[in-house]
Amino acid sequence: DENDYTYFDWNVENGDATSKKISAKEAYNNVMEGIKKVNNSTILMHDAQDKDSTVESLPGIIESLLEEDYLILPLSEESKPVQQIKVTDVVRD
C-alpha cells in the first residue's frame, strides 16, 4: 500500500506451479474446469523454460474460451483485484 502497488492473486490455475511435470492436456483441463467454479477468473500460468506444456496448452485454452463466449481481458488499473488475503490483513512487525 505504501508504494501504491496492487496485489493480484489468482483463483484458477493450470497446475504447472509444482515440480510435477503436467501435460498440455492436463493444463488445458485444469483451466477449463477451474473457470466453471468462479464468476470472474484470474488464471495462473508460468512462462518458464521448463513449462513447455503451458505454452502448448495456451492456443487451445484461448480458442475454447472464445468459442464459449468468454471475454479475455488484461489486468489493468481498472481491474478488480482477486485477493485471497488483503494486504491490510497481513500483520507486520
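Structure's up top.
Okay, so let's go over this structure. (Residues numbered from 1 in each chain as written. Predicted model: local features only at pLDDT ≥ 70, side-chain atom pairs only at ≥ 80, totals over all residues. Heavy atoms only, no water.)

1. Re the environment of Tyr-7
- Within the secondary structure layout, Tyr-7 lies in the segment before strand 1 (12-13).
- A residue is classified by how much of its surface remains accessible, and Tyr-7, at 41% relative accessible area, is partly exposed. (Helix = DSSP H or I, 4+ residues; strand = E, 2+ residues; numbered from the N terminus. Buried < 20%, exposed > 50% of the residue type's maximum accessible area, 1.4 Å probe, protein only.)

2. Focus on helix 1 (residues 24-34)
- Turning to helix 1, its buried residues are Ala-27, Val-31, Met-32 and Gly-34. Seen along its axis, helix 1 keeps its buried residues to an arc of 170°; they face one direction.
- Of the surrounding secondary structure, the elements contacted by the buried residues of helix 1 are strand 1, strand 2 (43-44) and helix 2 (52-67). (Arc of directions from axis to C-beta. Contact = heavy atoms within 4.5 Å.)

3. Re the pattern of salt bridges
- By the definition in use, this model includes three salt bridges.
- Across the pair Lys-36 and Glu-33 runs a salt bridge whose closest N-O atoms are separated by 3.5 Å. (Salt bridge = Lys/Arg side-chain N within 4 Å of Asp/Glu carboxyl O.)

4. Quick word on helix 2
- Compared with the 22 Å implied by 1.5 Å per residue over 16 residues, the 24 Å span of helix 2 between its first and last C-alpha is a close match.
- Along helix 2, the largest kink reaches about 35° and is centred on Leu-58; proline Pro-59 follows within four residues of it.
- What helix 2 keeps buried is the set Ser-53, Thr-54, Ser-57, Ile-61, Ser-64 and Leu-65.
- Along its buried surface, helix 2 packs onto helix 1.
- Taken from the residues just after helix 2, Asp-69 is the one with a positive phi, measuring 65°. (Expected span 1.5 Å × (residues − 1). Bend = angle between axes of the 7 residues up to and from the residue.)

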